[in-house]
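Chain by chain, the residues run as shown.
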Amino acid sequence: MNTVIVKISPDDINNKLIQQAGEIIRQGGLVAFPTETVYGLGANALSEEAAAKIYLAKGRPSDNPLIAHIADMDMLKGLVREIPSVAQKLMDAFWPGPMTLIFDKSEMVPKGTTGGLDTVAIRFPNHPIARELIQAAGVSIAAPSANLSGKPSPTLGEHVIDDMDGRIDMIIDGGMVGMGLESTIVDVTVTPPMILRPGFITYEMIKDVIGDVKIDKAIFTKPEAGLKPKAPGMKYRHYAPSAEFKMYRGEAEKVAEKIILLANEKADEGMKTGVITADQHRYLYENRLHSNITVVSLGDLEKPETIANHLFKTLRDFDKEKTQFIFGETFSEDNVGQAIMNRLTKAAGYNIIDV
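How each quantity is defined
Residues numbered from 1 in each chain as written. Predicted model: local features only at pLDDT ≥ 70, side-chain atom pairs only at ≥ 80, totals over all residues. Heavy atoms only, no water. Helix = DSSP H or I, 4+ residues; strand = E, 2+ residues; numbered from the N terminus. Rg over C-alpha atoms; globule rule 2.2 N^0.38 Å. Buried < 20%, exposed > 50% of the residue type's maximum accessible area, 1.4 Å probe, protein only. Areas by Shrake-Rupley, 256 points an atom, 1.4 Å probe, with all protein chains shown as cover. Lys, Arg positive; Asp, Glu negative; His and termini not counted. Charge placed at Lys NZ, Arg CZ, Asp CG, Glu CD. Pairing = 2+ DSSP bridges. Axes fitted to C-alpha atoms, helices over the stretch in contact; angles between N-to-C directions. Contact = heavy atoms within 4.5 Å. Parallel < 35°, antiparallel > 145°, perpendicular 65-115°, else oblique. Left-handed = near helix turned anticlockwise from the far one by under 90°. Nonpolar A, V, L, I, M, F, W, Y, C, P; charged D, E, K, R; others polar.

Along its length, the chain carries 11 helices and 16 strands. For 355 residues, the compact-globule estimate of 2.2 N^0.38 gives 20 Å, and the C-alpha radius of gyration of the chain, at 20 Å, lies within 12% of that figure. With the C-alpha coordinates aligned to their principal axes, the bounding extent of the chain is approximately 60 × 50 × 35 Å. Looking at the chain residue by residue over its 355 residues, the buried ones come to 58%. In the form shown here, the chain has an accessible surface area of approximately 14700 Å², with 48% of it arising from carbon and sulfur atoms. With 39 positive and 47 negative side-chain charges, the chain shows a separation of 4 Å between the mean positions of the two kinds.

Here it is, written out as structure tokens:
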């Protein structure tokens, strides 16, 4: 397949290109596009055949639900059986934005989009290109992250090109996304509502709006524990770099000592090795690692949004460098840190060692 790649600035949207992309969606094709969270791989959410193309392009298991994206509230009404009052409160507080809500689906939504479920995941994105594309298509757009299944989610157009060039009809390169973590998912079909995937909209923020809310325990446990997460991206191996990735938890100085020892050992063996740290801890590694070891800071511990923004890009950069081993620090799980550590834990295959 010949993939059309176009650059569109969120600040100066080319209407002709957006209309072309919308027509591809209407005709049952696939278009990758930026959102405020990560890049999405879009198709007509109301077409069973189009949804099947998403699963094929990503190599994604077909029981993993897709998120339907809307551009206005009128679009929502046709997709769901009812809008619970608790959902209305969350929509009033966080839409448009990085929150996905799970509703009972209407007959209009095919089970090919919902992974065979009677519920549908819906998001109203707050990104100008995403919203213009949905408007141009005239239909809700099903859009999981635009990466090969299991790989780190894409936060740059070039990441999408790496994974999807030749597999889909069009890629809209809109530059770097703003957040770098997928949306928070909340199931409003259960009482109390349940967070199925953590994100930038945190448990504390949701609790402030609706009061009682629970978190799906399965999203923090190893798959062999017997609990199966319900949300997209949580059920299967995900976010993983090609390298063997281990994380170390404990006092910063002791963690650094352990990582320095192990990273230097791998470098001595001729292995391409990387280290993940934070701005405040970078000094601990200075002049103590072999010169061929790549040290990357994800960001500022006091500004966890910077860590979230660089997380997936860092993992992809290590892949491009053909890194064989990655040693990383853990981060606080407070607020958005919960989402950061959820993604890193899965990326490391639950390999977290206490020091």
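Having seen the model, we can carry on.
Another point: unusual backbone geometry. At the junction of Trp95 and Pro96, the peptide bond is cis and its omega measures out at -10 degrees in the coordinates. Considering the arrangement of structural elements, one finds Pro96 in the loop between α4 (85–94) and β5 (99–104). Put simply, Thr191 and Pro192 share a cis peptide bond, and its omega is -10 degrees. The topology assignment puts Pro192 in the loop between β9 (184–187) and β10 (194–197).

Time to look at the sheet that holds strand β14 (residues 294–297). Taken in spatial order, the 5 strands make up an open sheet running β14-β13-β15-β12-β16, and their pairing is parallel. Of all the strands in the sheet, the pair left with one neighbour each is β14 and β16 (352–354). Direction aside, the axes of adjacent strands within the sheet are offset by 20 degrees on average. Note that strand β13 (residues 273–277) and strand β15 (residues 325–329) share 4 bridges and pair parallel. Across the sheet, Ile276 pairs through a bridge with Gly328, a residue of β15. This element, helix α10 (residues 304–320), spans β12 (244–249), β13, β14 and β15 of the sheet and lies at about 170 degrees to β13.

The contact between α4 and helix α8 (residues 203–210) brings their axes to 10 Å, and the two run at 120 degrees. Between α4 and α8, the angle is such that the two are oblique. Between α4 and α8 the crossing geometry is right-handed. Facing α4, whose interface residues are Val86, Lys89, Leu90, Ala93 and Phe94, α8 presents Met205, Ile206, Val209 and Ile210. In terms of residue class, the contact of α4 with α8 is built from 8 nonpolar, no polar and 1 charged.

In this section: the packing of α10 against helix α11 (residues 337–347). Two elements in contact, α10 and α11, have axes separated by 10 Å at closest approach and are oriented at 20 degrees. Relative to α11, the element α10 is oriented roughly parallel. For the pair α10 and α11, the crossing hand works out as left-handed. In this structure, α10 uses Pro304, Ile307, Ala308, Leu311, Phe312 and Leu315 to contact α11, whose residues at the interface are Ile340, Arg343, Leu344 and Ala347. Within the contact of α10 with α11, the residues separate by chemical class into 9 nonpolar, no polar and 1 charged.

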